[in-house]
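# Observations on the model geometry
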Amino acid sequence: MASIRLCAGALVVSKKKAAPKRVKHARETPSFELQEVEALRAEIERMRSAAGPPRWNADPDEVRRSVLKLVLTLVEFVRQLLERQAIRRMEGGTMTDAETEAVGLALMRLEETIRELAAQFGLEPGDLNLDLGPIGKLV
């Protein structure tokens, strides 16, 4: 009998010493084997979900769209950072009303431009996303 374990993406097969054989009845279900199969299934599922976010598509036909998606995602990330900083400054009273209006208008136009460019290439706002680890997703 061999056991199978998955360790960080590698498949390891190790042989166990043969246990003394016993006579099985036709109706007897080997529960330890069922538990091993279920544990293996759970481990494979965990590894599949931990595979990480999808990678950049380097398909020559999709390079322009992929690069635009990457650039727009980064610009959207910076836009959100600037928006949060502007809100903090506004709430802290370090901006005049005119500065607040100008920054708000500029950020709205930037967001509109990002959405227009994304639409030209068939990208949805949800496509412009980053997985920021423990912080969560960008969008």
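These remarks concern the structure in this document. Because the structure is predicted, anything quoted here is derived from the model rather than measured.

Cut-offs used in this document
Residues numbered from 1 in each chain as written. Predicted model: local features only at pLDDT ≥ 70, side-chain atom pairs only at ≥ 80, totals over all residues. Heavy atoms only, no water. Patch = residues over 30% accessible without salt bridge, like charges linked within 9 Å, V, L, I, M, F, W, Y side chains within 5 Å. Areas by Shrake-Rupley, 256 points an atom, 1.4 Å probe, with all protein chains shown as cover. Salt bridge = Lys/Arg side-chain N within 4 Å of Asp/Glu carboxyl O. Helix = DSSP H or I, 4+ residues; strand = E, 2+ residues; numbered from the N terminus. Expected span 1.5 Å × (residues − 1). Buried < 20%, exposed > 50% of the residue type's maximum accessible area, 1.4 Å probe, protein only. Contact = heavy atoms within 4.5 Å. Polar contact = N/O pair within 3.5 Å; in protein donor to acceptor, adjacent residues only side chain to side chain.

### A closer look at a nonpolar patch on the surface
A surface patch of nonpolar side chains, about 190 Å² in accessible area, is lined by Val67, Val71 and Val75. Along the chain, Val75 falls in helix 2 (residues 63-92).

### Remarks on helix 2
Given a rise of 1.5 Å per residue, 30 residues ought to cover 44 Å, and the 43 Å separating the end C-alpha atoms of helix 2 matches this to within 8%. Those residues of helix 2 that fall on the buried side of the exposure criterion are Ser66, Leu68, Leu72, Thr73, Glu76, Arg79, Gln80 and Ala86. Buried residues in helix 2 make contact with helix 3 (97-120).

### Things to note about the side chain of Thr73
Mapped onto the secondary structure, Thr73 falls in helix 2. Polar side-chain contacts of Thr73 include one of 2.6 Å to the backbone oxygen of Lys69.

### Thoughts on the pattern of salt bridges
All chains considered together, the criterion is met by five salt bridges. Its salt-bridge partner being Glu76, residue Arg79 comes within 2.8 Å of it at the nearest N-O pair. Taken together, the residues span about one helical turn, with Arg79 and Glu76 both in helix 2 at a distance of three residues. Residue classification places Glu76 among the buried positions, given a relative accessible area of 6%. The residue Arg79 makes a salt bridge to Glu83 at a minimum N-O spacing of 2.8 Å. In this pair, Arg79 and Glu83 both sit in helix 2, four residues apart, roughly one turn of the helix. Of the residues examined, Arg79 reaches a relative accessible area of 4% and is grouped as buried. Beyond isolated ion pairs, a larger network of salt bridges with shared partners links Glu76, Arg79, Glu83, Glu111 and Arg115.

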